[in-house]
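So the chains spell out like this:
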Amino acid sequence: MNHRTSSPEAINEIFRQFRDRGHRAYGEDVTEEQHALQCAALAQRQGEEPAVIAACLLHDFGHLLHDLGEDIADRGVDARHEHVGANRLSAWFGSAVVEPIRLHAASKRYLCWKDPGYYAGLSGASQQSLALQGGVMTDQEAHAFEANPHFDRAVRVRRYDDQGKDPEMVTPRLEEYRGLLESLLIH
Ligand SMILES: [Fe+2]
């Protein structure tokens, strides 16, 4: 599917989704928009490249595109939001933004394989959804994942994702990322 749109339309659609659905509960006492902004701000503080900051901001965009409810993991449903979001965003952004988004659930499965302490540090909701997403990677899956050209970025995005769940955190507003997102649009 290839339906590229000009810069303002793409960004406006993204912002519209946040406006209409960003108030939804991400879980863990933050909304979808707060979680997205926190992940992006954490990446920014670490001096990450723009593509990683954008991937952090948009990694759960797929959550804003479905109407399956806010408690789907509780109901044992995996909406495969990482693919839904990545597929939509691939009309507008290149692989450095899109692939870490597509891989952010896989990155969790990988980190559970790589680091025995990682699973214990995950939030309850992330632990719960792990099983739905395929569980801990096998050795074979993990080695194949490490060979993915987007492996490194994807794991970094995942680390910010895991941290962006602080109800008290103060972040820049969504509007402040408009220029960054526009600079990454493919034309
Ligand atoms: Fe997330």
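Refer to the structure presented above.
What comes next is a walk through the structure. (Residues numbered from 1 in each chain as written. Predicted model: local features only at pLDDT ≥ 70, side-chain atom pairs only at ≥ 80, totals over all residues. Heavy atoms only, no water.)

**A few points about the overall build of the protein chain**
Within the protein chain, the regular secondary structure consists of 11 helices and 2 strands. If you list the helices and strands of the protein chain from N to C, you get α-β-β-α-α-α-α-α-α-α-α-α-α. Counting all 187 residues of the protein chain, 49% fall into the buried class. Sequence-distant contacts, at least 24 apart, represent 74% of the contacts inside the protein chain between residues at least 6 apart. When the accessible area of the protein chain is evaluated, it comes to approximately 8,800 Å², of which 49% is carbon and sulfur surface. (Helix = DSSP H or I, 4+ residues; strand = E, 2+ residues; numbered from the N terminus. Buried < 20%, exposed > 50% of the residue type's maximum accessible area, 1.4 Å probe, protein only. Contact = heavy atoms within 4.5 Å. Areas by Shrake-Rupley, 256 points an atom, 1.4 Å probe, with all protein chains shown as cover.)

**Regarding the coordination of the iron ion**
Here the iron ion is held by H35 (NE2), H59 (NE2), D60 (OD) and D161 (OD), and the distances to it run 2.1 to 2.3 Å. Every donor counted, the 4 donor atoms about the iron ion form angles of 81 to 173° at the centre, which fits irregular coordination. Within one chain, the residues serving as donors to the iron ion are arranged as H-x23-H-D-x100-D. Of the two residues, H35 is situated in helix α2 (residues 32-45) and H59 in the loop between α3 (50-58) and α4 (81-89); the sequence distance between them amounts to 24 residues. The pair H35 / H59 is uniform in exposure class, with both members buried. (Donors = N, O, S within 2.8 Å, 3.2 Å for Na, K, Ca; no water. Tetrahedral: all angles 85-135°; square planar, octahedral: opposite > 155°, others 65-115°.)

**Notes on the packing of aromatic side chains**
Inspection of every chain in the model, using the stated rule, returns 5 aromatic pairs. Ring geometry for Y110 and F145: centres 5.3 Å apart, planes at 45°, overall tilted. Linking Y110 in helix α6 (residues 104-114) with F145 in helix α9 (residues 139-146), this pair joins segments that are 35 residues apart in sequence. The two residues Y110 and F145 agree in class, both being buried. Where F145 meets F151, the ring centres are 5.6 Å apart and the plane angle is 90°; that geometry is what we call edge-to-face. Owing to a relative accessible area of 18%, F151 belongs among the buried residues under this scheme. Through successive ring pairs, a cluster of aromatic residues spans Y110, W113, F145 and F151. Between R178 and the ring centre of F15, over which it is positioned, the NZ or CZ distance is 4.5 Å. (Phe/Tyr/Trp six-rings, centres within 6.5 Å; stacked < 30°, edge-to-face > 60°. Lys NZ or Arg CZ within 6 Å of the ring centre and 35° of its normal.)

**Thoughts on the nonpolar core**
Residues I14, L57, L58, L89, F93 and L181 are the most contacted members of the largest nonpolar core, which totals 39 residues. Within the residue set of this core, elements represented by two or more residues are α1 (7-21), α2, α3, α4, α5 (95-102), α10 (151-163) and α11 (178-184). If you tally residues by element for this core, the top one is α3, at 8 residues. (Core = buried A, V, L, I, M, F, W, Y, C linked by side-chain atoms within 4.5 Å.)

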